[in-house]
Structure formats: structure tokens, C-alpha cells
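Chain by chain, the residues:
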Amino acid sequence: MFEKITPKSALLCIKDIRSQVVSYYRTQNRYPEIVAFLSQAHHFKNSHEELTFADMAKITGLSVGQLGKQFVKMYEELFEEEAPFSFSFPETEIIFNVTYLKKNIRFKMQGLERLPMKGEQLHLFFLRAHFGIDLFYVADIDHTFHKNKQCILFTIHGGIYNAYWEYEKAKALEQQTIDFIDLHCKYEFEVKEIVYKRNR
């Protein structure tokens, strides 16, 4: 069952790729009142002072009903097969989030000719002073698309990739021995303690 698209949900998604939507509909000469409104960056700078639909109606000169319908229609049209619109995320940011035992550091990377895949071993000698080791592996990869940027977050763990542990972890998730909060909030060794303790 598909989620019903509401004016509020459509607006939130449009705001996430605001510059792309403005550029597209401006060239199409459509929805001029909303395009003019979206073009004004100062309306979106302060997240603590969100404009209501009544506020936006006053700014655009549209009624609240017209505004809501147009936001939903604008959003839906972006996904029509015949629409000449393509999502574009030309900027790329690569972040390594490295964890070993109870230590964690995070840094940006550039100029990688090939992106490492999950499970691949990484020899990162420049991290030896931080962790006392230089052998790591890719534990997870997460892609986030926002505004005009693709952010690729690599979760890197110290040591050697263990396919059996990945199986045990997936099994523990399925059996609800652990949950996703454990994976995101606990260190790897703490998760192992929970899983292997239950298996004894």
C-alpha cells in the first residue's frame, strides 16, 4: 500500500531538492508563484520558524487549497515517465567513519579511483597512531542524496572481515536478539557479547 502524498509531505520532499525543482519548473514556465516562492532562500534558512501554509498562501497570492494541490502535483510530476526531469546530484562527498574497540574517528576522502565494497580489506597505515593497527574492513556503506550532493558514508571497523559474524549478526536481528538500535549505538564488541551470550 502506497503512502498518500499530502501537501506537507510533498513540500518537505521538494525542499530537500529545492534548487533542482526551481530550475526545472522555471524552464517549463509552470507554477510561477510557487517557483518564485521557492527561489527565495531566506524562507528556508531558519528551521525553527517554519512557515505555515497560511503564511505561504499570503506570500504567493494563492489560496491554501490551491497551494496544497500545486505542491502535490509538482511533486508527483517529477516521477512521471514522460517528464523531461532527471534528478541530479553532481557533488560527491566521501566520509570514512572508523571504529575500533572504543575509539572512533571520522574524516573525508577525495580522489578515490574505485570505491571499496562491503567486506573488502583496507590497509590504512596513516591510522596506526590512532588505533595501533592498520588493517581495517568495510562494515557498511550508506548513500544519502540531499540538495545537489551525494554523500557516501563508509563504516570502517578495525580487523579482518568475518563472514560468519555477519551471518550471526543477521540471524540475531531476524530473531530479535538484537535490534538496529544496538547496531547503531553499541560498539561491535558489545554487540558480539550480546549475540554470543544468547548462543551459549
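Check the entry above for the structure.
Counting restarts for each chain: residues are numbered from 1 in the order of the written sequence. In keeping with the predicted nature of the model, local features appear solely for residues at pLDDT of at least 70, side-chain atom pairs appear and are counted solely at 80 or more, and the whole-chain, interface and lining totals rest on all residues. Hydrogen atoms and water are omitted, and side-chain values are computed over all heavy atoms in the structure.

A. Up close: the overall build of the protein chain. The secondary structure content of the protein chain amounts to nine helices and five strands. Along the protein chain, helices and strands appear, N-terminal first, in the series α-α-α-α-α-β-β-β-α-β-β-α-α-α. In this treatment the radius of gyration is a C-alpha quantity, and the globule benchmark scales as 2.2 Å times the residue count to the 0.38 power. Here the protein chain has a C-alpha radius of gyration of 23 Å; the compact-globule value for 200 residues is 16 Å, and the former is much larger. Along the first, second and third principal axes, the C-alpha atoms of the protein chain reach 65 × 40 × 35 Å. Only protein chains enter the accessibility calculation, which uses a 1.4 Å probe; a residue is then buried when its area is under 20% of its type maximum, exposed when over 50%, and partly exposed in between. In the protein chain, buried positions account for 36% of the 200 residues. Note on areas: Shrake-Rupley with a 1.4 Å probe; residue coverage comes only from the protein chains shown. Put simply, the protein chain shows about 13500 Å² of open surface, and 53% of that area lies on carbon and sulfur atoms. Computed over 26 positive and 26 negative side-chain charges, the inter-centroid distance for the protein chain is 5 Å. Helix numbering and strand numbering both begin at the N terminus, where a helix is a DSSP run of H or I of at least 4 residues and a strand a DSSP run of E of at least 2. When charges are counted, Lys and Arg are positive and Asp and Glu negative, with His and the chain ends excluded. Charge coordinates come from a single atom per side chain, which is NZ of Lys, CZ of Arg, CG of Asp or CD of Glu.

B. Structural context of the pattern of salt bridges. Think of a salt bridge as a Lys or Arg side-chain nitrogen and an Asp or Glu carboxyl oxygen that are within 4 Å of each other. Applying the stated criterion to the full structure yields nine salt bridges. For Glu 166, the salt bridge is made with Lys 169, and the minimal N-O distance between the two is 3.4 Å. On the criterion of helical spacing, the pair formed by Glu 166 and Lys 169 is a turn pair, its members being three residues apart in helix 7 (residues 163-174). Each member of the pair, Glu 166 as well as Lys 169, is classed as buried. Between Asp 182 and Lys 186 there is a salt bridge whose closest N-O contact spans 2.9 Å. Taking relative accessible area as the criterion, Asp 182 reaches 12% and is therefore assigned buried.

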